[in-house]
Amino acid sequence: MSYDCRNMAAVQWHSRERRYQAELQSSRLECVPVEFGDYHPLKAITVTDAKSRRGARKGSTSSSSSSSSSVALDPLSSMLDGTDPLSMFAAASAVEVPSLPHSSSAGDLGRKKREEEVVGTDFEPWSAKRGEILARFTTTEKLSINLFMGTDKAKAPSPGSSAVSEKVRTRLEELDDQEEGSQRELLNLSQQEYANRIEELNQSLKEAWATDQKVKALKIVIQCSKLLSDTSVIQFYPSKFVLITDILDTFGRLVYDRISSMCSADSQTLPDSFTAADVNDTAKETCLNWFFKIASIRELIPRLYVEAAILKCNRFLNKTGIQETLPRLTAMIRGIGDPLVAVYARAYLCRVGMEVAPQLKDSLNRNFFDLLSTFRQIHGDSVQNQLVLQHVEIPQYLTLYSPAIHWILQCVAYRAPDPLLTEMMERCKKLGNNALLLNSVMWAFRAEFVAARATDFIGMIKDCDEAGFPKHLLFGSLGRSLACADPPEAERLTILNEAWKVITKIRSPQDYIHCAEIWVEFTCRHFTKREVNTVLADIIKHLTPDRAFEDAYPLLQSVIQKILTYFYDFSVLFSMERFLPFLDMFQKDGVRVAVCRTIMEVFIKHQLEPTRDPVILNALLHVCKAMHDSVNAMTLEDEKRSLSLLISGFIRMVWFGRDFEQQLSFCVEARATFCNLEPLLVQLIHTVNQLAMETRRMMRGNHSRKTAAFVRACAAYSFITIPSLSSIFCRLSLYLLSGQVALANQCLSQADAFFKAAVSLLPEVPRTISVEGKSRSSESLLLDFINNFFAMLLVVPDHPEHGVLYLVRGVLNMVQDYTWEDNGDAKVKVYISALPLLAAMSQETYLYSIPKVDSNETLYGGDPKFLTEIDKLCETLISQVLDYLKTLGREEQTVRRQGSLSFSLFSSLLAHGDLRNNKLNQLAVNLWNLNHKHGCSDTRTSVRTLEYIKQQAQQPGMAHIGDMVQRLTLQSRT
């Protein structure tokens, strides 16, 4: 169908004359004066609540009570009678209950609170170190497990003997049998197989305990403890210690829980603050039995470890049991000849002590000072001979002590007073070859303590023997403390210089970067870009040869993050000469992109004002280009979206003020740089359109030739860029937006080009589109665009060479030729939507206009020929709609759609048609009746529409509407 002047429809259309200002005034809300003394929206509501007292005694004078409140009524409070469920639960819990047996006194509660305060969340638990030790101390050598599990023969009790005494004697004899029992030897185990076997023993322990084989469980623990005296594969010893002590912890927990359960009476467990007086005799006897069994173990190391494992059970016997046992166990460790075995035994005793009695600091201190007194054994002949046999160098051997000494010092130094820490440091200083201890001191002591004495520690580091323990490890430990606490300001430069003298001489690139990465934070925290730039230059110098940086990417990334933490002013950051060369070391694609993302995240977070700094722009263009160039066919959509957001944040922060040409040049460069990310192209088009409107605003209407040329350049930018987008609806919306911007700037030919491009693109819209991976109909989106396009066409003047309403006719011709969905009404909906546009075009004064742009109201000036063309086009559209309604009425399944469309057309006729025309008036009535014919109409909508029509009928000159109302009836549903 071609929308020309042929085939006039039977219905004669004429648009209703509209007076928009008068209609606006009549539709405003009526202002009603309010006496604020009587009412105010924020005034509290007075609520009167009358409550009858039911069940009152007969003759009582109190029959009811009422209360009045000026507080605003809260519906939640009224439902709950002012009390929320949690408050009611708390109130119920607050009801006094009878005290339980063995309840703790106020003194016990106070003591418990004090003990809890001894170890807080600032104390790093052993569990946090366990995984690191297992991962760090590994071996490729074969391991072995030797177990003497004893015999399984049963011994019958002698008749006439005491049952309890005989039971104790029998178990002691079974325990002695472990020396004569069967031997299980597992040889040539790998590290993983060894760990699996130890875990199997742990499970065997639990199973034996669950089946009441307590002696077997004890044998397993004893034999596992014996493994801790074996240092045949010495580099694996720290990991072996972790695995074996897991079994000891399990055993100690099982014994404690067993005795604790024996103390329970009438299903009431012991309180946490119980004393020995609360424990019954049976539980005490069982507890003593366990200690007697352990005391009968002949070898020192298993006896020490197993008793330490059940140290907590001393609470069942007497108040001072733990306090008396810890010094004894500490003294027992002095009998262990191997210094490595001894230091880990001390570490285990300190660990157990911190768990059960953290307030007993004396035993912790005693362990540390005993360690100092035996420290020289590390360099004795027996140790040296053992290292020669196992081909272990002394630096590697010394690192085996680190976890144990770190832990001992952490326990000793936790909330210790400064005089004690000073004394410990002085004792370490007096020892020769004390680098190992010094390293642990800097790890374990409070960072504030170390930072305040940083110069002293540097002096101690200088005095250490380089051959025994590398100095760069010591400076690394010092740097960690200085990253957490500040040294005296006057000493900071000296500290940095002394440290870097040592760091820069490290030959191994990996050792160097491990130490340098730590000191970067100290440098950034206390110094300027000059010092940081020097550090970066030194890192580049050490890691560039042989491409050593490829093995240090995680540490180099950490360096970048630390720098960005303190230097987030990018004008300062990019003024460092070595920063960009430092970035060039990240040559692995994934790592490079990750670093660039980090930089852009910091920029977006801290760059609050737009910038035009050429240094920043060039550097960040380089960074963003690296992210953009990582996009390929395999890149996920989420990754593309994430990168687009980061680059978009950069583009938003680029603004050259009134230098519009420079801004446009940047957009041209950005388009060439980021052509693979469509969201960025869309943003650039929006930026250019914004730039064109900003030009218009700042010129304040002075539309000079230079301004017009610039706006045309902006339009050309958009016109060239839009076709490169893959989303057709994105292209349509940008054509419309760019045309609006061009029209607002009086660039009529450019606006006409955008609108014609949009119309020519409409036939290419697919019937379905992919939304989040699912196929969806595109009709709703297409209808929305056409409606928006119609709203714009009201102010678009006709082109002198293309005839009257050529854009409107072009859209309607496209709608006629487009392949719509078979069971859809989209085409007819477009026809109905065109009627308000055409009616608005026939008015003497348009509803809205664009300043300095002459719309058709000015071009045609109410020319009768122009109005006739509009009327004929409207009649043609109405005829098409009526023919379609007849088609829908032929089938029962489509009557609902028929009713909906007939009501839409009725609404258009009512709002925009001149209903003084009898034929048009009758058509409106027929459409109303058709809508109600099959009872498918919305009754509420129909009632409200009738009310509106009746109101309109009361307006001057609307008497014909009143006559029509009489013929509009409501039909109830059947």
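In what follows, the structure referred to is the one given above.
Now for a description of the structure that goes with this document.

The rules behind each value
Throughout, residues of each chain are indexed from 1 in the direction in which the sequence is written. Thresholds applied to this predicted model are a pLDDT of at least 70 for local features of residues and 80 or more for the giving and counting of side-chain atom pairs; totals over whole chains, interfaces and linings are not thresholded and use all residues. Heavy atoms throughout the structure, all of them, feed into the side-chain values; hydrogens and water do not. Secondary structure elements are taken from DSSP: a helix is a run of H or I of four residues or more, a strand is a run of E of two residues or more, and numbering for both begins at the N terminus. Buried means the residue's accessible area, taken with a 1.4 Å probe over protein chains only, is under 20% of the maximum for its type, while exposed means over 50%, and partly exposed covers the values in between. Whether two residues touch is decided by their heavy atoms; if any such pair falls within 4.5 Å, the residues are in contact. Surface accessibility in these figures is a Shrake-Rupley result with a 1.4 Å probe; residues are shielded only by whichever protein chains are displayed. Any Lys or Arg side-chain nitrogen located within 4 Å of an Asp or Glu carboxyl oxygen qualifies as a salt bridge. Two aromatic rings, drawn from Phe, Tyr or Trp (for Trp, its six-membered ring), form a pair once their centres lie within 6.5 Å of each other, and the interplanar angle then sorts them: stacked below 30 degrees, edge-to-face above 60, tilted otherwise. Remark: a charge is flagged as sitting over a ring if the NZ atom of Lys or the CZ atom of Arg is within 6 Å of the ring centre and within 35 degrees of the ring normal. What makes a nonpolar core is a set of buried Ala, Val, Leu, Ile, Met, Phe, Trp, Tyr and Cys residues whose side-chain atoms join them at distances within 4.5 Å. DSSP bridges decide pairing: two strands pair if at least two such bridges lie between them. Within 3.5 Å is the distance limit for a polar contact, defined as a pair of N or O atoms, with the added protein rule that one can donate a hydrogen and the other accept it, and that residues adjacent in sequence qualify only through two side-chain atoms. For helices, the fitted line uses only the C-alpha atoms of the stretch in contact; every axis is such a line through C-alpha atoms, and the angle between N-to-C directions lies from 0 to 180 degrees. Here is the rule for angles: anything less than 35 degrees is roughly parallel, anything more than 145 is roughly antiparallel, 65 through 115 is roughly perpendicular, and the remaining ranges are oblique. Helix crossings are classified by the rotation of the near helix relative to the far one: an anticlockwise turn of less than a right angle makes the crossing left-handed, while a clockwise turn makes it right-handed. Charged means Asp, Glu, Lys or Arg here, nonpolar means Ala, Val, Leu, Ile, Met, Phe, Trp, Tyr, Cys or Pro, and polar covers whatever is left, Gly included.

### With respect to the overall build of the protein chain
When helices and strands are tallied, the protein chain shows 45 helices and six strands. Within the span of the protein chain, comprising 974 residues, buried residues form 47% of the whole. Looking at the protein chain alone, contacts between residues at least 24 apart form 75% of all its contacts between residues at least 6 apart. As displayed, the protein chain offers around 50,300 Å² of accessible surface, 51% of which is attributable to carbon and sulfur atoms.

### So, the pattern of salt bridges
Within the structure shown, the criterion is met by 31 salt bridges. Arg 366 is paired through a salt bridge with Asp 370; the nearest N and O atoms lie 3.2 Å apart. Within this pair, Arg 366 and its partner Asp 370 are both found in helix α14 (residues 361-373), separated by four residues, close to a single helical turn. Judged by its relative accessible area of 38%, Arg 366 falls in the partly exposed class. A relative accessible area of 5% means that Asp 370 is categorised as buried. A salt bridge links Asp 629 to Lys 625; the nearest nitrogen and oxygen atoms lie 2.7 Å apart. Of the two residues, Asp 629 and Lys 625 are both situated in helix α30 (residues 614-629); the distance of four residues between them amounts to about one turn of the helix.

### Some words on unusual backbone geometry
The phi torsion at Arg 415 lies on the positive side, around 55°, for a residue other than glycine. Here Arg 415 shows up in the loop between α17 (402-413) and α18 (418-430). Overall, the relative accessible area of 46% leaves Arg 415 in the partly exposed class. Although it is not a glycine, Asp 546 sits at a positive phi angle of roughly 60°. Structurally, the position occupied by Asp 546 is in the loop between α25 (529-543) and α26 (553-566).

### With respect to the packing of aromatic side chains
For the structure on display, the rule yields 38 aromatic pairs. Measuring from centroid to centroid gives 5.7 Å for Phe 251 and Trp 290, while their planes differ by 80°, and the two rings are edge-to-face. Of this pair, Phe 251 sits in helix α9 (residues 237-262) while Trp 290 sits in helix α10 (residues 281-295), placing them 39 residues apart in sequence. Pair check on accessibility: Phe 251 and Trp 290 agree, each one buried. Look at Tyr 735 and Phe 754: their rings are 6.4 Å apart centre to centre, the planes differ by 50°, and that puts the pair in the tilted class. Pair noted here: Tyr 735 is in helix α35 (residues 728-744) and Phe 754 is in helix α36 (residues 748-761), with a separation of 19 residues, a long-range link. Residue Tyr 735 shares its accessibility class with Phe 754, and that shared class is buried. Joined through ring pairs, the aromatic side chains of Phe 123, Trp 126, Tyr 237, Phe 241, Tyr 305, Tyr 344, Tyr 348, Trp 407 and Tyr 414 make up one cluster. Against the face of Phe 274 rests Arg 315, its NZ or CZ located 4.2 Å from the ring centre. In this structure, Arg 453 packs its charged tip against the face of Phe 449, placed 3.8 Å from the ring centre.

### Here's the deal with the side chain of Asn 689
Mapped onto the elements, Asn 689 comes out in helix α33 (residues 678-699). Setting aside anything within four residues of it in sequence, one finds Asn 689 in contact with Ser 718, Leu 737, Ser 738 and Val 741.

### Considering the nonpolar core
If you look at the biggest cluster of nonpolar residues, it comprises 312 residues, and the most contacted ones within it are Tyr 397, Trp 519, Ile 539, Leu 556 and Phe 650. At 13 residues, the largest contribution of residues to this core is made by helix α13 (residues 339-356). Setting aside its immediate chain neighbours within four residues, Tyr 397 contacts Ile 234, Pro 339, Leu 340, Ile 378, Val 383, Leu 387 and Val 392.

### Some words on the pairing of strand β5 (residues 768-771)
Bridge count for β5 against strand β6 (residues 774-777) is four bridges, and the pairing is antiparallel. By the bridge assignment, Val 771 is partnered in β6 with Lys 774. If you look at the hairpin formed by β5 and β6, you'll find two residues sitting between the two strands, and Glu 772 has a positive phi there, around 55°.

### Things to note about the environment of Asp 825
Position of Asp 825 relative to the elements: it lies in the loop between α38 (806-817) and α39 (826-841). Not counting the four nearest positions on each side in its chain, Asp 825 is found in contact with Tyr 884, Leu 888, Arg 897 and Leu 901. Side-chain polar atoms of Asp 825 contact the side chain of Tyr 884, separated by 2.5 Å.

### Some points on the packing of helix α41 (residues 864-888) against helix α43 (residues 918-932)
The geometry of α41 relative to α43 is characterised by a closest axis approach of 13 Å and an angle of 30° between their N-to-C directions. By the angle between their directions, the pair α41 and α43 is classed as roughly parallel. Read as a crossing pair, α41 and α43 show a hand that is left-handed. For the pair α41 and α43, the contacting residues are Ile 878, Leu 882 and Leu 885 in the first and Leu 923, Leu 927 and Leu 930 in the second. Partitioning the contact of α41 with α43 into residue classes produces six nonpolar, no polar and no charged.

### Regarding the environment of Arg 547
Its location among the elements puts Arg 547 in the loop between α25 and α26. For the pair Arg 547 and Met 585, spaced 38 residues apart in sequence, the C-alpha separation works out to 8.6 Å. Polar contacts involving the side chain of Arg 547 include one to the side chain of Glu 550, which spans 2.7 Å.

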